[in-house]
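# A structural walkthrough
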Amino acid sequence: MAILKVEPLTTARALRGPFDYRRPEAMEGLEVGSLVRVPFGPRRLLGVVVGLAESSQLAPERLAEPVEALEAGASAELVELGLWVAREYCSTPSRGLSLVLPPGTGTGRAARTVRAKTELRAEITPAGEAALEGGERLGVKQRAVLEALVEGGETSAPRLSAAVGAALPTLRRLAERGLIATREAGVRRAPAAPGLAAAAEPPRLLPEQRDAVDALVAALDGEAGAPREQLLHGVTGSGKTEVYLAAVEAALARGRGAIVLVPEIGLAPQAVARFRARLGDRFAVLHSALSDGERFDEWQRLRSGEASVCVGPRSAIFAPVHDLGLVVIDEEHDPSYKQEGDPTYDARAVARHRARERGAVLVAGTATPRPETWLELPRLELPRRVDGLRMPPVNIVDMREVDPRSGPLHADTWTALEEVRAAGQKAIVMINRRGFAPWLTCRSCGHHWSCPNCDVSLIVHRESGRLVCHHCAHVERAPRACPVCSSTTLARAGAGTERIEELVRERLAPMPVFRLDSDTTAQRGAHARILAEFGEAPSAVLVGTQMVAKGHDFPEVTLSAILDADATLRFPDFRAEERTFAMVAQLAGRSGRGEAGGEVMVQTLAPGAASIEHAAAHDSPGFLAGELERRRMLRYPPYSHLLRVNLASPAEEKVDAAAAGIAAELRTRLPAESELLGPAPMFRVRGRHRRRILVKAQDRAGTVAAARATVERHVADRALKDVSIGVDVDPQ
Ligand code: ADP
Ligand code: ZN
Ligand code: ZN
């Protein structure tokens, strides 16, 4: 007897398979990865076959059979990967598996929500041709259809309908008479190709680029001593993308597939256009801006082997690429590689695991490596810009002495911007906060507007005339008067992108000013449009959040300015220095990519911070040496593993009780060398009180196991049913 081991797709943490089912004869084709619908108590659930066995512990009469076999799901390789993620990140098999299933696969009772799209196509038969020539009796529409088919060969029903007005009944009658043959054929929903020109021909590589490609190809060919994991450390504009493209082509030439991970925002049209131009039909793209149908079809093209290179953000690491030979992680320092929701996987760690399992080569590229990557991977260096230009000089602008009333831009920054206007060039100004002002208070009584659900200030958004919470969905109309004292003198303090846009537009008129932040790019295609408009303008300023520092290349930009560069340093996070360094260095790299050279202004209240000083000197090795030393002393990654338990509840006593209980139990289960910090309170979000517990440890597997056992016991506790408990492994 054949037994199927099935993991039900459900969001319930307590329901954990796999469960045994009998395989009926009619479902012989089922294999690991197949999707089935199974009876589960009184319910029917979608499930994934995760194993096959000869026999079951259960008596045969207690075994049910699947009620339905659906089309193929994931491959056995990907099922294994999904289950690995579930274990490694303290999640459930169901959530791990949902990462590797075809896009649109629902959980629980939900059916497949997305399917392959087909259309009816018609072709004329010899009998049809004879009928047309022999003057047989035909209706007007029937004749028109046959003529159109003689003319155009096989044609789809929608097209015939548009061309000759023939509806389906006409086609059915013709088919019944044997005059045409019809079939259902798959239709590809292809993602729109942005109208950006990109070269299809590779440039002649520079010697350093050649060396890097050679090293990767040697690893692909399995040459002795060639490292299979590499860091490609190259300043911005040093031609890293060309190295990736050449390596991908080498993998393809060896009959192997590739995955290229890019930061979410890096999917900006310029990068996609470059890959598409070079790789053509072998290329598939997977990202959240695609429609469900497009994503499904791109996934199927990879699954069927029609396409063999997948470009996409973190979730693309689960793409069904056959015979994976190469994984590229572009901009490996980017925080978007870490998933915030359960499972809290890090695509960079999943990439290393999958590459090792498949014998694939891995290359992680960036100008600003993470300390752990710097420590762990051998390096390929691209020390120069492709164009031979120097890195732009960086001016640190000390804001401590400046009167805040003189505005958010320093006089020196204004001078630099005015020079850009005079020379007819372009500038980028970054401030990592959207909206107009982050602070609204009443001048008479001091009333301060904050979110009713979260312990944070409301942000003034002037364009929409609203006050907005950036942590929850709360929105209210911007007030005219104070609700407490009725005074109409309200003070807005601080600056966000809207305010900077306005200031720059007023002062630098008539220069066009564009704004790039999540408000202006909410609509599909807006991101690409704004960048294209900035690119086409002869002279302009681009103002925005971190979005302006990523994924584009404008040679005419001669100035980049970053306001409040130390804002990220004020986060209580051990990665604050690393983030600040990367942000400043990346933005600096956007300037001076052309003949006219460039300059960078970094406004800060912390001019002496190591991250800012080293970024200003374009000195990654110097920064990393100091940062690694600091991490070693404080026992932070890469010198330990971190795990965090996050708790939240509308009821403060309950979250406190749960946090105390979990912390106490964790202490008894954790490896002896580990350190437990907390429970610590976090500010309230969405009306929920939050607490967190942090664990630092050497023994990762032991820590994850302890957390899993503890959390599972508490999740099952009915008294805690309105406390949400999540585990974040390698929190950022
Ligand atoms: P990075 O990814 O390191 O920022 P890119 O690969 O995007 O750098 O290269 C920057 C620019 O230089 C691109 O416009 C690219 O087409 C061009 N480029 C890269 N390598 C070469 C080369 N060997 N010869 C000429 N141009 C090149
Ligand atoms: Zn007031
Ligand atoms: Zn809120």
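Bear in mind that the values here come from a model prediction, so they are computed numbers and not experimental data.

Scoring rules and cut-offs
Residues numbered from 1 in each chain as written. Chains lettered and ligands numbered in written order. Predicted model: local features only at pLDDT ≥ 70, side-chain atom pairs only at ≥ 80, totals over all residues. Heavy atoms only, no water. Near = heavy atom within 4 Å. Polar contact = N/O pair within 3.5 Å; in protein donor to acceptor, adjacent residues only side chain to side chain. Areas by Shrake-Rupley, 256 points an atom, 1.4 Å probe, with all protein chains shown as cover. Helix = DSSP H or I, 4+ residues; strand = E, 2+ residues; numbered from the N terminus. Nonpolar A, V, L, I, M, F, W, Y, C, P; charged D, E, K, R; others polar. Expected span 1.5 Å × (residues − 1). Buried < 20%, exposed > 50% of the residue type's maximum accessible area, 1.4 Å probe, protein only. Contact = heavy atoms within 4.5 Å. 1 Å grid on protein atoms, 1.4 Å probe; cavity = no way out; pocket = protein on both sides within 12 Å on 5 of 7 lines; lining within 4 Å. Points joined across faces, edges and corners; volume = space filled by probe spheres on them. Donors = N, O, S within 2.8 Å, 3.2 Å for Na, K, Ca; no water. Tetrahedral: all angles 85-135°; square planar, octahedral: opposite > 155°, others 65-115°. Axes fitted to C-alpha atoms, helices over the stretch in contact; angles between N-to-C directions. Parallel < 35°, antiparallel > 145°, perpendicular 65-115°, else oblique. Left-handed = near helix turned anticlockwise from the far one by under 90°. Pairing = 2+ DSSP bridges.

## Some remarks on the site of ligand 1
With respect to spatial proximity, 16 residues lie near ligand 1, and among them Arg 204, Gln 209, Lys 240, Thr 241 and Arg 274 are the closest. Between ligand 1 and the protein, one listed contact pairs an oxygen atom with a backbone N or O atom of Lys 240 at 2.9 Å. Calculation on ligand 1 without its partners gives an accessible area of 560 Å², and the protein chains cover 73% of this total. Here the shell around ligand 1 gets 3 residues from one element, more than from any other, and that element is helix α8 (residues 240-253). Of the residues belonging to the shell around ligand 1, the class tally is 5 nonpolar, 5 polar and 6 charged.

## Thoughts on helix α7 (residues 207-220)
Between its first and last C-alpha, α7 extends 20 Å over 14 residues, near the 20 Å set by a 1.5 Å rise per residue. Buried within α7 are the following residues: Glu 208, Gln 209, Ala 212, Val 213, Leu 216, Val 217, Ala 218, Ala 219 and Leu 220. The inward-facing, buried residues of α7 contact β9 (229-234), α8, β13 (324-330), β14 (361-366) and β15 (379-382).

## Let's talk about empty space enclosed by the protein
As enumerated under the stated definition, the model contains 2 cavities of 30 Å³ or more in all. Within the residue set of the lining of the largest cavity, elements represented by two or more residues are α1 (76-88) and α11 (347-358). With 4 residues, α11 is the single largest residue contributor to the lining of the largest cavity. Considering only enclosed or pocket space, the second largest cavity measures out at about 40 Å³ in volume. Together, His 641, Leu 642, Leu 643, Val 695, Ala 697, Arg 700, Thr 703, Val 704 and Val 729 line the second largest cavity. Listed by contribution, the elements that provide at least two residues to the lining of the second largest cavity are β27 (641-649), β29 (688-697) and α20 (700-715). Tallied by class, residues from the lining of the second largest cavity come to 6 nonpolar, 2 polar and 1 charged.

## Examining the coordination of the zinc ion (ligand 2)
Donor atoms from the polypeptide that bind the zinc ion (ligand 2) are Cys 442 (SG), Cys 445 (SG), Cys 482 (SG) and Cys 485 (SG), placed at 2.3 to 2.4 Å. Metal-centred angles of 99 to 113 degrees between the 4 donor atoms at the zinc ion (ligand 2) mark the site as tetrahedral. Positions of the donor residues of the zinc ion (ligand 2), expressed as sequence spacing, correspond to C-x2-C-x36-C-x2-C. One end of the pair, Cys 442, is in strand β18 (residues 439-442); the other, Cys 485, is in the loop between β21 (475-477) and β22 (490-493), and 43 residues separate them in sequence. By relative accessible area, which is 3% here, Cys 442 ends up buried. Since its relative accessible area comes to 31%, Cys 485 is described here as partly exposed.

## A short note on the packing of helix α13 (residues 411-423) against helix α14 (residues 497-508)
Angle between the axes and distance between the axes are the two parameters that describe a pair of packed helices. Closest axis-to-axis distance for the α13/α14 pair is 11 Å, and the angle between their directions is 55 degrees. On the basis of their axis angle, the class for α13 and α14 is oblique. For the pair α13 and α14, the crossing hand works out as right-handed. Side by side, α13 and α14 meet where Trp 414, Leu 417, Glu 418 and Arg 421 of the first sit next to Leu 503, Val 504, Arg 507 and Leu 508 of the second. Across the contact of α13 with α14, the residue classes break down as 5 nonpolar, no polar and 3 charged.

## Quick notes on the sheet that holds strand β5 (residues 68-69)
Ordered by their spatial adjacency, 5 strands build an open sheet running β2-β1-β4-β3-β5, and the pairing between neighbours is antiparallel. One side of each edge strand has no neighbouring strand; the edge strands of this open sheet are β2 (19-22) and β5. The pairing of strand β3 (residues 35-40) with strand β4 (residues 43-53) spans 6 bridges and is classified as antiparallel. Across the sheet, residue Val 38 finds its bridge partner in β4, namely Leu 45.

## Observations regarding the sheet that holds strand β26 (residues 599-604)
An order of β16-β26-β25-β17-β24-β23 is seen for the 6 strands of this open sheet, with the pairing classed as parallel. A single partner strand is all that each edge strand has here, and the edge strands are β16 (394-398) and β23 (513-516). When the angles between neighbouring strand axes are averaged without regard to direction, this sheet yields 15 degrees. Strand direction decides the pairing type here: strand β17 (residues 426-431) and strand β25 (residues 557-563), joined by 6 bridges, are parallel. Its bridge partner lying in β25, Ile 431 is registered against Leu 563. Across the sheet, helix α15 (residues 526-536) lies against β17, β23, β24 (540-544) and β25, angled at about 150 degrees from β23, the strand it touches most.

## Side note on unusual backbone geometry
Residues apart from glycine generally show negative phi values, whereas peptide bonds are mostly found in trans. Look at the link from Asp 342 to Pro 343: it is a cis peptide, with omega at -5 degrees. Tracing the backbone shows Pro 343 in the loop between β13 and α11. Cis geometry marks the peptide bond from Ala 509 to Pro 510, where omega comes out at 5 degrees. Residue placement: Pro 510 occurs in the loop between α14 and β23. The phi torsion at Arg 686 lies on the positive side, around 55 degrees, for a residue other than glycine.

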